[in-house]
Amino acid sequence: MSGPLVVLVGPMGVGKSTVGELLAARLGTTHRDTDADIVAGAGKPIAEIFYDEGEDHFRALERRAVAAAVAGHPGVLSLGGGAVLDGATRELLAGRPVVYLSMDVDEAVRRVGLNTARPLLAVNPRRQWRELMDARRHLYEEVARTVVATDEHTPEEVAQAIIDALELPEGAAAPGVESTGMTQQGPTRIQVAGSAGSDPYEVLVGHRLLGELPQLIGDRARRVAVLHPEALAETGEAVRQDLADQGYEAIAIQLPNAEEAKTAEVAAYCWKALGQTGFTRTDVVVGIGGGATTDVAGFVAATWLRGVRWIAVPTTVLGMVDAAVGGKTGINTAEGKNLVGAFHPPAGVLCDLAALESLPVHDYVSGLAEVIKCGFIADPVILDLVEADPEAARTVAGPHTAELIERSIRVKAEVVSTDLKESGLREILNYGHTLGHAIEKNERYKWRHGAAVSIGMVFAAELGRLAGRLDDATADRHRTVLESVGLPLVYRGDQWPKLLENMKVDKKSRGDLLRFIVLDGIGKPTVLEGPDPAVLLAAYGEVSA
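The structure displayed is predicted, hence computed values, not measured ones.

A. Structural detail: the overall build of the chain. Counting secondary structure elements, the chain contains 22 helices and 16 strands. Counting over 545 residues, the chain shows a buried share of 56%. Across the chain, every contact between residues at least 6 apart in sequence was considered, and the portion connecting residues at least 24 apart equals 75%. Of the roughly 21,700 Å² that the chain leaves accessible, carbon and sulfur atoms contribute 50%.

Spelled out as structure tokens, the structure:
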């Protein structure tokens, strides 16, 4: 019987994709994930398919995806958690080398803790997990040739157990499939050097990274405060409970969502909670959420007892590639964004890519503005990857997601390792941000950061062109690459006087002298000081609606 060499089934969060990739590497073949096929075909995350079209529509898409994969993929195949609910799918799997990856409820909640927006685990994870498994366990066992428990085992150990159970020959590719040459991989570790008296730290990019938290927190800490936005209330509680189970005095502090969290009042609320808990200098703050949450968590950590350790767990593209890396922390005031803050690098950053699976598409695309920014100021390969397949770049299921995020983090890590406190080189990271921040303030922080920065980059490109610094082709490339992923290019023309006033209080200004980051070419950022007001107005005319 032709078909997959191995088919992995099991509940959500069990690690089918991670184990599948490792297993394919060991067997010298390729891995395919039917959930990724569905996302690629629909052009949006699974959670959005559930919410927009309903579960019946999703199951129909899943049925077709599984049938196509079983018929056409000769390597390792991972199925979605609910695929076995369909009788036709179970018939397709009859007699095939199916492995059921199992885990208990506590392990399940720990593993999906960063992704509580999964459509079938949204309210009470433990109770709903048990209900799901009561309905599905017998179906997994019905289709499986063997069962492999994953509790307290690494993905590498699980892959080895599958090889042993099915007596698979390592390194032998499936018929018609060339060896991939892949090797086993854990999370990518990106070093950020210490500077100005700060310690070096690592940014980890991968899947299932919460297990790294206790090591980062360390043995000296007794208390841990988990700061999270309202939207991730269950995630915050799951992490708090996990840390409490490991012996820490853990509390969860809920913040408002997005930019509403970045106020002095919210910071004071956090200080009060730390004081009432008896937080000392050896205790640790953990910030889980988007860029606004990690900004606040870092600021609270920087100001409590003049500085305690903190760990960032960003759950958005923007948080991963920008806000959580580099140690810039802060809150907003009526006068502007991030005008109150401190440079306080984290002890570590955990970028769990699984968290992006439930991110709304507009938030995901917003984060791409910072990714594309890194391409223009330092790494043109980023631009090439986005331009090669803009639609794929818009989704976490795209083939280059991990590489785009890792490359962007490396750009920022290299810059902040050299210039922690924005005394020189670090200013280049503000490309597009001078006008972008002014737009955000003008919109009372209701706009997504990436949307504002996108317009800011087009403005900066036009400013560079008008100043004789940037060639036409590169300036025009800003528009094409940003527009290709769905980012805005224009803003209201009648707002220029307000925006100009907002820019005068930007952090990069020196006295009354406006400063802008512009490009002399791709990867060649520089500072433009005090441009002629007429040139500024002309550049804004190019982004005016």
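That was the structure; now back to the text.
B. View of the sheet that holds strand β2 (residues 31-33). Strand order across the open sheet formed by five strands is β2-β3-β1-β4-β5, with parallel pairing between neighbours. At either margin of the open sheet sits one strand with a lone partner, and together these are β2 and β5 (146-149). Going from strand to strand, the sheet's axes swing by 25° on average, the running direction of each strand aside. Pairing analysis gives four bridges linking strand β4 (residues 98-102) to β5, with the strands arranged parallel. If you follow S102 over to β5, its bridge partner there is A149. The strands that helix α8 (residues 155-166) touches are β1 (6-9), β4 and β5; relative to β5, the one it contacts most, it runs at about 155°.

C. Representation of the sheet that holds strand β8 (residues 223-229) within the structure. The seven strands lie next to each other as β6-β7-β14-β11-β10-β8-β9, forming an open sheet whose pairing is mixed. Looking along the sheet, the strands with just one partner apiece sit at the ends: β6 (188-192) and β9 (249-255). Put simply, the sheet's adjacent strands are angled 15° from each other on average, direction ignored. Here strand β11 (residues 309-314) pairs with strand β14 (residues 348-352) via two bridges, running parallel.

D. Spatial organisation of the pairing of β9. Relative to β9, β8 is paired through seven bridges, and the arrangement is parallel. The residue of β9 that forms the bridge with V226 is A252. The parallel pair β8 and β9, bridged by helix α10 (residues 233-245), forms a crossover whose chirality is right-handed.

E. Main features of the side chain of H478. By secondary structure assignment, the location of H478 is in helix α20 (residues 472-484). Every residue in contact with H478, bar those within four places of it in the chain, is listed here: F376, Y431, M457, A461, L470 and L519.

F. Region of interest: the pairing of strand β13 (residues 336-343). Examined bridge by bridge, strand β12 (residues 328-333) and β13 share five bridges and lie antiparallel to one another. Bridge pairing links T329 to A342 in β13. Taken together, β12 and the strand that follows it, β13, pair antiparallel across an intervening segment of two residues.

Conventions we followed
- Residues numbered from 1 in each chain as written.
- Predicted model: local features only at pLDDT ≥ 70, side-chain atom pairs only at ≥ 80, totals over all residues.
- Heavy atoms only, no water.
- Helix = DSSP H or I, 4+ residues; strand = E, 2+ residues; numbered from the N terminus.
- Buried < 20%, exposed > 50% of the residue type's maximum accessible area, 1.4 Å probe, protein only.
- Contact = heavy atoms within 4.5 Å.
- Areas by Shrake-Rupley, 256 points an atom, 1.4 Å probe, with all protein chains shown as cover.
- Pairing = 2+ DSSP bridges.
- Axes fitted to C-alpha atoms, helices over the stretch in contact; angles between N-to-C directions.
- Right-handed = clockwise from strand over helix to strand, strands pointing away.

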